[in-house]
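So you can see what is in the structure, the chains are spelled out below.
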Amino acid sequence: MAHGVCELLWIRSVLKDLGIEYTKPVNLHCDNKTAIQIAQNPIRHDRTKYVEVDRHFIKEKLDQKIIQFPIVKSENQLADILTKTVSGNAFYDTIDKFVMIDIYAPT
């Protein structure tokens, strides 16, 4: 997540160099609710001892309103068909979003 924040900050700086001032918070889409809660909550968690620096960096950018984490529903996650077991309807809906076609279907 911290790497994604760095990439967004870099894109903002490139836009600024090109004369485009972007003042709105940039959306960083993440479907991991636990990661978002850890980034937003300043309370130390026992399971986060290896991510303290990243967490503080992300929290700082959230407080400065540079980034924000919109909620992403699982059904909108296109990568889920590659990593999780999904129902047949969800599978075919996602394939439609990928604009994949059946090359063996009769024309």
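Every value quoted in this text rests on a predicted model; they were computed, and no experiment measured them. (Residues numbered from 1 in each chain as written. Predicted model: local features only at pLDDT ≥ 70, side-chain atom pairs only at ≥ 80, totals over all residues. Heavy atoms only, no water.)

A.B. asks: I tried to follow the overall build of the chain on my own but got confused; where do I start?
C.D. replies: When you go through the chain residue by residue, the secondary structure sums to five helices and two strands. When the helices and strands of the chain are placed in sequence order, the string is α-β-α-α-β-α-α. The 107 residues of the chain split such that 22% are buried. Here the chain has roughly 8,600 Å² of accessible surface; of this, 57% comes from carbon and sulfur atoms. (Helix = DSSP H or I, 4+ residues; strand = E, 2+ residues; numbered from the N terminus. Buried < 20%, exposed > 50% of the residue type's maximum accessible area, 1.4 Å probe, protein only. Areas by Shrake-Rupley, 256 points an atom, 1.4 Å probe, with all protein chains shown as cover.)

A.B. asks: What is the right way to look at the nonpolar core in this model?
C.D. replies: Most often, soluble globular proteins have nonpolar side chains that are buried together. Ranked by size, the top nonpolar core spans 13 residues in total, and within it Ile 58, Leu 62, Ile 67 and Phe 69 carry the most contacts. Of all the elements in the fold, those that place two or more residues in this core are helix H1 (2-17), helix H2 (33-40) and helix H3 (52-63). Ranked by residue count, the leading element in this core is H1, at three residues. Setting aside residues no more than four positions away along its own chain, Ile 58 makes contact with Met 1, Ala 2, Val 5, Ala 39, Ile 67 and Phe 69. (Core = buried A, V, L, I, M, F, W, Y, C linked by side-chain atoms within 4.5 Å. Contact = heavy atoms within 4.5 Å.)

A.B. asks: It is not clear to me how a nonpolar patch on the surface should be interpreted in this structure. Could you clarify?
C.D. replies: Together, Val 86, Phe 91 and Tyr 92 make up an exposed nonpolar region whose accessible area comes to about 270 Å². Position of Val 86 relative to the elements: it lies in the loop between helix H4 (80-83) and helix H5 (88-98). Among the residues examined, Val 86 registers a relative accessible area of 32% and is labelled partly exposed. (Patch = residues over 30% accessible without salt bridge, like charges linked within 9 Å, V, L, I, M, F, W, Y side chains within 5 Å. Salt bridge = Lys/Arg side-chain N within 4 Å of Asp/Glu carboxyl O.)

A.B. asks: Please explain the packing of aromatic side chains as it appears in this structure.
C.D. replies: Aromatic ring pairs are defined here through the distance separating the ring centres and the angle between the ring planes. Evaluated as defined, the whole model comprises one aromatic pair. With 5.3 Å between their ring centres and 80 degrees between their planes, Phe 91 and Tyr 92 make a pair best called edge-to-face. Residue Tyr 92 is classed as exposed on the basis of its relative accessible area of 54%. (Phe/Tyr/Trp six-rings, centres within 6.5 Å; stacked < 30°, edge-to-face > 60°.)

A.B. asks: I would appreciate a short explanation of the confidence of the model for the chain in the present structure.
C.D. replies: Any segment with low pLDDT has predicted coordinates that should not be analysed in fine detail. For the chain, the mean per-residue pLDDT works out to 79, and 87% of the residues sit at or above 70. No element of the chain has a lower mean pLDDT than H2, which averages 73, and none a higher one than H1, which averages 90. (pLDDT = per-residue confidence, 0-100.)

A.B. asks: What am I meant to see in the side chain of Lys 61 here?
C.D. replies: Along the polypeptide, Lys 61 turns up in helix H3. At 3.5 Å, the side chain of Lys 61 forms a polar contact with the side chain of Glu 60. Setting aside residues up to four positions removed in sequence, Lys 61 forms contacts with Val 5, Leu 9, Ile 66 and Ile 67. (Polar contact = N/O pair within 3.5 Å; in protein donor to acceptor, adjacent residues only side chain to side chain.)

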